[in-house]
Amino acid sequence: IWIHIEGRQKIDIYSFGVVLLELLTGKHPLDPEFGESVDIVQWIRRKVRHNKSLEEALDPNVGNCKHVQEEMLLVLRLALLCTAKLPKDRPSMRDVITMLREAKPQRKRVATMMDVQLTKTSLSLPHPL
C-alpha cells in the first residue's frame, strides 16, 4: 500500500509541475506551437537543452518587470523539478512548499527589512520640542 501511495504522490507532483508551467507560460499542455506530439514539459526541456532563453517562454501578459521575471524563473525551475522524468527524482509536496516559500520575492523581504529598520530608527530619534 505504501508504494502505491508514494507513487500516486509523485504523479500528483508531476501534474502540479505541469500546472505551474501552464501558469508561467500562458500555454496549454498540448499547444500547437510546440509541434507534433510535443507537450509543454518537452517544449521547456528542449529550450533548456538548446540553451535558449527561458525568459522568452514566460507569459508576457504577467509582466515584464525584472523582479517578476526572476520570480517566475525560480518557479519555472521548481516546475522542472516536479516534472522530472523519473518519479524518484521529483520532490515531495512538502519540499515543493518549502521551495515556494523560499522563492518569496526578494524585494518584499528587503522592503520588510527596510520597514523594520525605519521603525527602529524612528523610535530612536529624539522628538522635536
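Above this note sits the structure.
Residues numbered from 1 in each chain as written. Predicted model: local features only at pLDDT ≥ 70, side-chain atom pairs only at ≥ 80, totals over all residues. Heavy atoms only, no water.

(A) Here's a closer look at the overall build of the protein. Of the regular secondary structure elements, the protein holds 5 helices and 0 strands. Listed N to C, the secondary structure of the protein is α-α-α-α-α in terms of helices and strands. Here the protein holds 129 residues, and the buried ones make up 29% of them. A separation of at least 24 residues holds for 47% of the contacts in the protein among residues at least 6 apart in sequence. (Helix = DSSP H or I, 4+ residues; strand = E, 2+ residues; numbered from the N terminus. Buried < 20%, exposed > 50% of the residue type's maximum accessible area, 1.4 Å probe, protein only. Contact = heavy atoms within 4.5 Å.)

(B) Broad picture of the environment of proline 91. Of note, proline 91 is situated in the loop between helix 3 (66–82) and helix 4 (93–102). Separated by 82 residues in the primary sequence, proline 91 and glutamine 9 place their C-alpha atoms 9.8 Å from one another. In this view, proline 91 contacts Lys10, Ile13, Leu81, Cys82, Val96 and Met99; residues no more than four positions away in its chain are not counted.

(C) Up close: the nonpolar core. Counting residues in hydrophobic clusters, the biggest one holds 24 residues, and the most contacted among them are Leu21, Leu24, Ile40, Trp43, Ile44 and Leu76. Looking at this core, the elements that each hand over two or more residues are helix 1 (2–25), helix 2 (40–49) and helix 3. Ignoring anything within four residues of it in the chain, the contact list for leucine 24 reads Ala57, Leu58, Asp59, Met72, Val75 and Leu76. (Core = buried A, V, L, I, M, F, W, Y, C linked by side-chain atoms within 4.5 Å.)

(D) Examining unusual backbone geometry more closely. You will see that serine 37, though not glycine, has its phi angle at about 60°, which is positive. Looking at where serine 37 falls in the secondary structure, it is placed in the loop between helix 1 and helix 2. A positive phi angle is found at asparagine 51, which is not glycine, with a value near 55°. Position of asparagine 51 relative to the elements: it lies in the loop between helix 2 and helix 3.

(E) Layout of the packing of helix 3 against helix 4. Viewed as axis vectors pointing N to C, helix 3 and helix 4 meet at an angle of 170°, and their least axial separation amounts to 10 Å. As judged from the angle between their axes, helix 3 and helix 4 are roughly antiparallel. When helix 3 is examined against helix 4, the residues Val75, Leu78, Leu81 and Cys82 are found in contact with a partner set consisting of Val96, Met99 and Leu100. Looking at the contact of helix 3 with helix 4 residue by residue, the class counts come to 7 nonpolar, no polar and no charged. (Axes fitted to C-alpha atoms, helices over the stretch in contact; angles between N-to-C directions. Parallel < 35°, antiparallel > 145°, perpendicular 65-115°, else oblique. Nonpolar A, V, L, I, M, F, W, Y, C, P; charged D, E, K, R; others polar.)

(F) Representation of the pattern of salt bridges in the model. Following the criterion strictly, the structure yields 4 salt bridges and no others. Note that lysine 47 and glutamate 56 form a salt bridge whose closest N and O atoms lie 3.2 Å from each other. Lysine 47 sits in the buried class, given a relative accessible area of 13%. The exposure class of glutamate 56 is exposed, given its relative accessible area of 53%. One salt bridge connects aspartate 89 with lysine 88, and the closest N-O pair in it is separated by 3.4 Å. Taking the relative accessible area as the measure of exposure, aspartate 89 reaches 42% and is therefore partly exposed. On the accessibility criterion, lysine 88 (67% relative accessible area) is exposed. (Salt bridge = Lys/Arg side-chain N within 4 Å of Asp/Glu carboxyl O.)

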